[in-house]
Amino acid sequence: MSTVSSSWQDRATVEEMLDEAKTWAIVGLSGDPGRTAYQVAAALQEAGKRIVPIHPTAPTVLGEQGYPTLADVPFPIDVVDVFRRSQAAGQFADEAVAIGAGGVWFQLGVIDEDAFERTRAAGVPMVMDTCPLIEWRRR
């Protein structure tokens, strides 16, 4: 295992995001309850988190107003949770850094080592290739 991959799921970073982050922007969240992003967003809400749908059509999901881009959100974001293919995910890490998000989380199977290095180099904590629900179950 490389040095980078061993830090993708740093326990202290995971725990801090799960415990401290209150507002989670969910990139790729639509109103389809059959999608994993919807199920994770619902679980985050049940855990007391505020979810912010980020989707080009900006739907209202689970009672929360959506926004077409991270830059359109008019309030601070604690974590940007990315449900996009690995090839498209890096731009959202960069956008998260640009808006001053407190952290970035790439979902299970979403891996972009360069984005991870850029995000961490910018001083923004990042978790990659896991899911908040999996991490809550590990506790």
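In what follows, the structure referred to is the one given above.
This one's a predicted model, so the numbers in the text were calculated from it and none came from an experiment.

Caption draft 1: Looking closely at the packing of aromatic side chains. Tallied over the entire structure, the rule returns two aromatic pairs. Measuring from ring centre to ring centre gives 5.7 Å for W24 and W105, while their planes differ by 50°; the resulting arrangement is tilted. A residue pair is termed long-range when its members are at least 10 positions apart, and W24 in strand β1 (residues 23–27) and W105 in strand β4 (residues 104–106) qualify at 81 residues. Like W24, the residue W105 is buried in the burial classification. The lysine or arginine in question, R50, covers the ring of F75, its NZ or CZ lying 4.0 Å from the ring centre.

Caption draft 2: Representation of the pairing of β1. For β1, the tally of buried residues reaches five of five residues, placing the bulk of the element in the interior. Burial along β1 is two-sided: the residues T23, A25 and V27 and W24 and I26 are all buried. As judged from the five bridges shared by β1 and strand β2 (residues 50–54), these two strands associate in the parallel manner. Bridged to A25 within β2 is V52. Between β1 and its parallel partner β2, the chain crosses via helix α3 (residues 36–46), and the hand of that crossover is right-handed.

Definitions and cut-offs
- Residues numbered from 1 in each chain as written.
- Predicted model: local features only at pLDDT ≥ 70, side-chain atom pairs only at ≥ 80, totals over all residues.
- Heavy atoms only, no water.
- Phe/Tyr/Trp six-rings, centres within 6.5 Å; stacked < 30°, edge-to-face > 60°.
- Helix = DSSP H or I, 4+ residues; strand = E, 2+ residues; numbered from the N terminus.
- Buried < 20%, exposed > 50% of the residue type's maximum accessible area, 1.4 Å probe, protein only.
- Lys NZ or Arg CZ within 6 Å of the ring centre and 35° of its normal.
- Pairing = 2+ DSSP bridges.
- Right-handed = clockwise from strand over helix to strand, strands pointing away.

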